[in-house]
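# Structural characterization, general
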Amino acid sequence: MTDRSDAPAPAAPQRPTDRYGTKPPVQRRWLPLVLGVVVVVLGCGVAFVGYQKYGPKDLESEQLGYTVVDDSTMTIRIKVTRKDPVQPAVCFVRAMARDSVEVGRREVLIEPSTSGTIEQTTTVKTSSRPASSSIYGCSSQVPSYLRAG
């Protein structure tokens, strides 16, 4: 008796290449289309995330300068740009000593206006001689004790 597992498998019929030529390559026309769609979707996702993170904000602030008036006083100039200028805002500015320790802080009310960008100067009282200043942050949620009326 012969064991069929030892027998070689029959070879697939070969086409004579001199008569019929070589087999044409398989064309996958859907592959470039699918890859193109994937690239466009990923590009749109990256653009959306970038716009959310680095795009224009509702409230932006910039320090324009500061002046040390005396050992316990500093004036700070800031510029605030709001998307909606009729909404009030509050900015927190601080004065710092030479070693970067905060020696004074003030909340500045940015009143509603007709202009989207306003400049404002404020005075900060300090506990020791100030050397520099910064804007700690700004918010459109103004505390009730800063609002008039």
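We now turn to the structure provided with this report.

## Re the sheet that holds strand β3 (residues 89-96)
Strand order across the open sheet formed by three strands is β4-β3-β6, with antiparallel pairing between neighbours. Unpaired on one side and paired on the other, β4 (102-110) and β6 (132-139) mark the two borders of the sheet. Across the sheet, the axes of successive neighbouring strands diverge by a mean angle of 20°, strand direction being ignored. Here β3 pairs with β6 via seven bridges, running antiparallel. Across the sheet, residue phenylalanine 92 finds its bridge partner in β6, namely glycine 137.

## Here we look at the pattern of salt bridges
Considering all chains together, one arrives at six salt bridges under this definition. Across the salt bridge formed by glutamate 119 and arginine 77, the nearest N and O atoms sit 3.2 Å from each other. Within this pair, whereas glutamate 119 is found in strand β5 (residues 117-125), its partner arginine 77 is found in strand β2 (residues 73-82), the two being separated by 42 residues in sequence. By relative accessible area, which is 53% here, glutamate 119 ends up exposed. What makes arginine 77 partly exposed here is its relative accessible area of 38%. One salt bridge in this structure joins arginine 105 and glutamate 102, with 3.0 Å as the shortest N-O distance. Ionic contacts of the salt-bridge type, sharing partners, join the residues Arg94, Glu102 and Arg105 into one network.

Conventions we followed
- Residues numbered from 1 in each chain as written.
- Predicted model: local features only at pLDDT ≥ 70, side-chain atom pairs only at ≥ 80, totals over all residues.
- Heavy atoms only, no water.
- Pairing = 2+ DSSP bridges.
- Helix = DSSP H or I, 4+ residues; strand = E, 2+ residues; numbered from the N terminus.
- Axes fitted to C-alpha atoms, helices over the stretch in contact; angles between N-to-C directions.
- Salt bridge = Lys/Arg side-chain N within 4 Å of Asp/Glu carboxyl O.
- Buried < 20%, exposed > 50% of the residue type's maximum accessible area, 1.4 Å probe, protein only.

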